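Descriptive analysis of the structure
Now for the letters of each chain:
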Amino acid sequence: MPLSNLNKEQLSAATCPKGYNLIIASAGTGKTSTIVGRIANLINNGTKPEEILLLTFTNKAAAEMVQRVAKFFGKDIAKQIMAGTFHSVSYKLLKQLEINISLKQPNELKTLFKSVYEKRVFYDRDDEANPYDGGYLYDMYSLYLNSNTGEDFGTWIKDKNPSHEIYTLIYEDVVDEFNALKIKYGYANFDDLLTIMLETLKTQDFDFKEVLVDEYQDTNPLQGRLLDGFKPNSLFCVGDYDQSIYAFNGSDIGIISTFSDRYDNATVFTLRKNYRSTKPILDLATKVIEHNERIYDKNLEVIRTDETIKPKLLAFNELFAQYQYISELISKSQTPHNDIAIIYRNNSSADGIEANLREYEIPAKRKGGMSFFDSVEVKFILDVLVMQMSHNDMMAFIHVLEHGKGIGKAIAKDVFDALIKLGDGDILRGLFHPNPDINNPYDTNKVKNRQLGLFDDFLELGSVSKFKDCGFEEAFLSNPILKHPKLSVDGGKYIYDFYLLMKHLRRTKNPESLVSSINSSMMYSKLKDFLSTKRATAKDGTVNPMQKTKSLAKINRKCMLLKNLSRNFSELSKFINSMILGGSEMSEGDGVNLLSVHASKGLEFKEVYVIDLMDGRFPNRKLMSKGGSLEEERRLFYVAVTRAKDVLYLSYAKFDKIKKMSFIASPFLREAGLIKEDEKTSI
C-alpha cells in the first residue's frame, strides 16, 4: 500500500486528521508519495474517490498521481478522482454543468484584443509615458485578473504606473468591448475558466470532502479565491516557499506564508528527508537560499550515502567559449542524454548552447520557450480543425486568414464580419452561398467618441476586376467579400485557397484524416513555404537554401507529431480540447534537455548544468526593476540547482564579444562560497 512506503514524517502528514493542513515539502522530499499516501488514507477511511479534488500545477503531475493511486485501488476507482490543474478542473466542472464554452489557448485571444485596441486613437498623450501597446495591455489585464485584490482595472493600472492615468478610460473600454465579444462568441481563455468558475461557485456547490493542492507556493490570489469558493471543510496543501517562482504570473508567496493565520486550527507539517540530491549539492543550495527570510523553519537531512561529486564552477573569458566547452563535456559524458539538463534563466541563452550542441551532433530538446502549440504551423492546423467543429469561430478564422500576403488581423476580421452578414449569421453560407441582396457587406456604423479613442471607420468598396485572371471559380469570383478596398490580388488568392480547403474538408470528420488533408492542401503548402523561407532569411535579405530545407523538415516533423497525437481520438472536440489544455506541457523528441528555470520545475536529472550565471542575467536585473525581487531570483537559483541528483556544474562568462558586454559573476556564486572575487582563473 502507498502508506507502507512512507517515512515517519510523510506518514504523519498523510494520515493527519481532516482540517486545514499545510505540508512544507522541500525539493526531493517525496511530496508526490505523500499526496498519494493521503489519497489512499482518505479512501481507506471511507471517503469516496469522487469526493476528492486534487489540484496540481500541471496535468502531467495529476495524471502521475492518479496512476499511482490506480496501482493500489484499480483504474475504475482512481479515475473518479477529480484531478488536474485549476484550469482543467474548472473546465471539467463547467462542462458537467453544461455551461457552453469555446476554449482558446492562453495567448490566442490576444489577437481579438489587439483588433479591438487597434481601432483606438489616443488623442491626448502624456509626454512622459506612451500608452501601452495592445499586446502588452492584454498581458497586463491577464496579470490583473490573477493578482488583483478587489480593485477595478483602472485603479490597478494607476497603482502600477501613475503616469498612465490619462489612458485608463480607453484601456477600460477596450477591456469592456473585448469581454463583450468573448461573451457573444462564447470564448474563454485560461483566465476566464477561473473567473467563470468562481462566479459559478456562488450559486453551485460541489460536495468535495477534501481538497488537495500541490505546488501551493505558486497559488495566485485568483486561485486562492477559487479554492475558498469550493468551501472545503478539509484542505491538504503541499508546497515549499523556497520554490515560489511565479510572481511574474501573479503568484503570491504571502498565500503560503499566512496559511496558519487564515485558517482556524491549522497544522503545519515539514518533510525534512531529501532523497534526490547528494549532500554537496544540497549544501550549496541551502547556503544560498538561507539568505532569504525564513518563513517556516526547516533543516533538510540528506538520505543518500553513496559516492558524491562536489559541484564544479566553470569560469570563462568569453560567452560562447562557455557553450562550446559545455558541449564538449557532454559529448564525453557517460550519462544518457535524456538524463542531462542545461538550465538557464533567460531563453536567449538557449540559442547559443543549442547551436554548439548541434556542432557536436548532440541531440537536444528544448522546453520553456515557445510552446509546440504556439508555433504558427501547428496553430494553423488546430484553427482549421476548430472551424470544422464550429465554423463561425471568429478567432480561428482570423488566425487562419491573417497569414495571407497583405491581409493581417484587421482585414481578416473585416472579412469574417462580412461573411457573417452575407451568410445571415453563417460564414460557410456566406462563403459558398452569399445573400444576393447584399452588395456591400463592409458597411459599418461606428460611433465616434474622442474620450474613448473611437473614430469613424468608413470603407469605400474596391473593384473585383483585378481578380478576373486569377482562375477563380465563378461562384467565388462573384462573392462581395472580394470588394474589400485593401484586399490585394495575393490576398484574394489566399482567401480562394481557404475556400477550396473548406470545400474539401466538408467530406471528412475523423481527426487524423482531417490533419492529413490540411497538411497536403495547397493553402498549407504555401504557408509552409512562407514560414520556412522567412526562417531562413538573413538580415541582408538573402535566403539560405540549407537552412530553408532544415526549417521545412522541422515543420513537417511537427505536422507528423500532431498527426500521431490525433490517432488517439475519434472525436474532434475531445482532440482539440486535449491539445489546448495539455499543450503547454509538451516537448519534442529525445536528447539533452534545454530548460528555462521555470520549465525545469518539478523535474530531476542525473547531470545538470546551470549556465550564464552573470550578474544581470541571473539574477535578471531587468525583470527585478519591473517588479521582481532578488529574493525571487534566489528562489529560481535554488530550483535550478536542486534539479541535480548527482552532478552539478555552474558556469559564467566575463565577456560577450558579439554584444561587446563585460560581466561579473552572479552574487549567488559568492553566497554559495564558490568565489570570493571576480578573479577566478578562466577556461
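Counting from 1, residues in each chain are numbered in the order their sequence is written. Given that this is a predicted model, residues contribute local features only at a pLDDT of at least 70 and side-chain atom pairs are listed and counted only at 80 or more, while totals for whole chains, interfaces and linings are drawn from all residues. Excluding hydrogens and water, the side-chain values take into account all heavy atoms of the structure.

Considered domain by domain, the protein is made up of domain 1 (2–99 + 194–271), domain 2 (102–185), domain 3 (302–369 + 583–672) and domain 4 (376–571). Once you take the C-alpha centre of each, domain 2 and domain 3 turn out to be 35 Å apart. Domain ranges listed in this record stem from an automatic or a database domain assignment.

What follows concerns unusual backbone geometry. Cis peptide bonds are those with omega within 30 degrees of zero, and the linkage from Phe 618 to Pro 619 qualifies with 15°. Per the convention used, a helix needs a DSSP run of H or I reaching at least four residues, while a strand needs a run of E reaching at least two, with both numbered from the N terminus. Here Pro 619 shows up in the loop between β15 (605–610) and α28 (621–625). Positive phi values are uncommon outside glycine, yet Glu 361 reaches one of about 55°. The topology assignment puts Glu 361 in the loop between α16 (348–359) and β13 (364–367).

The next thing to look at is the side chain of Ser 244. Here Ser 244 shows up in the loop between β7 (235–239) and α12 (253–257). We call two residues contacting when some pair of their heavy atoms lies within 4.5 Å. Those residues in contact with Ser 244, other than ones at most four positions away along the chain, are Gln 217, Asp 218, Ser 251, Ile 253, Glu 632 and Arg 635.

Right, let's get into the nonpolar core. Within this scheme, the nonpolar core is defined by two criteria: the residues are buried Ala, Val, Leu, Ile, Met, Phe, Trp, Tyr or Cys, and they are joined through side-chain atoms within 4.5 Å. Accessibility here uses a 1.4 Å probe with only protein chains present; expressed as a share of the type maximum, an area under 20% marks a residue as buried, one over 50% as exposed, and anything in between as partly exposed. One finds Leu 385 and Leu 431 to be the most contacted residues of the largest nonpolar core, which totals 84 residues. Taken domain by domain, this core gets at least three of its residues from each of domain 2 (102–185) and domain 4 (376–571). Those residues in contact with Leu 431 that lie beyond four places of it in its chain are Leu 419, Phe 476, Asn 479, Ile 481, Phe 498, Tyr 499 and Met 502.

Here we come to the sheet that holds strand β6 (residues 210–213). The strand order across the open sheet built from six strands is β3-β2-β6-β7-β1-β8, with neighbouring strands paired in parallel fashion. Two strands close off the open sheet at either side, each with one partner strand: β3 (82–84) and β8 (267–271). When the angles between neighbouring strand axes are averaged without regard to direction, this sheet yields 10°. A pair of strands counts as paired when DSSP detects no fewer than two bridges linking them. Two strands pair when backbone bridges link them, and strand β2 (residues 52–55) and β6 are joined in this way by four bridges, in the parallel orientation. Counterpart to Leu 55 in the pairing with β6 is Val 213. Orientation is described by lines fitted to C-alpha atoms, with helices fitted over the stretch in contact, and by angles between N-to-C directions that extend from 0 to 180 degrees.

What follows deals with the sheet that holds strand β11 (residues 312–316). Taken in spatial order, the six strands of this open sheet run β11-β16-β15-β12-β14-β13, and their pairing is parallel. Looking at which strands have only one partner, the edges of the open sheet turn out to be β11 and β13. Going across the sheet, the axis of each strand differs from the next one's by a mean of 20°, ignoring polarity. Pairing between strand β12 (residues 340–344) and strand β14 (residues 592–596): four bridges, direction parallel. By the bridge assignment, Ile 342 is partnered in β14 with Leu 594.

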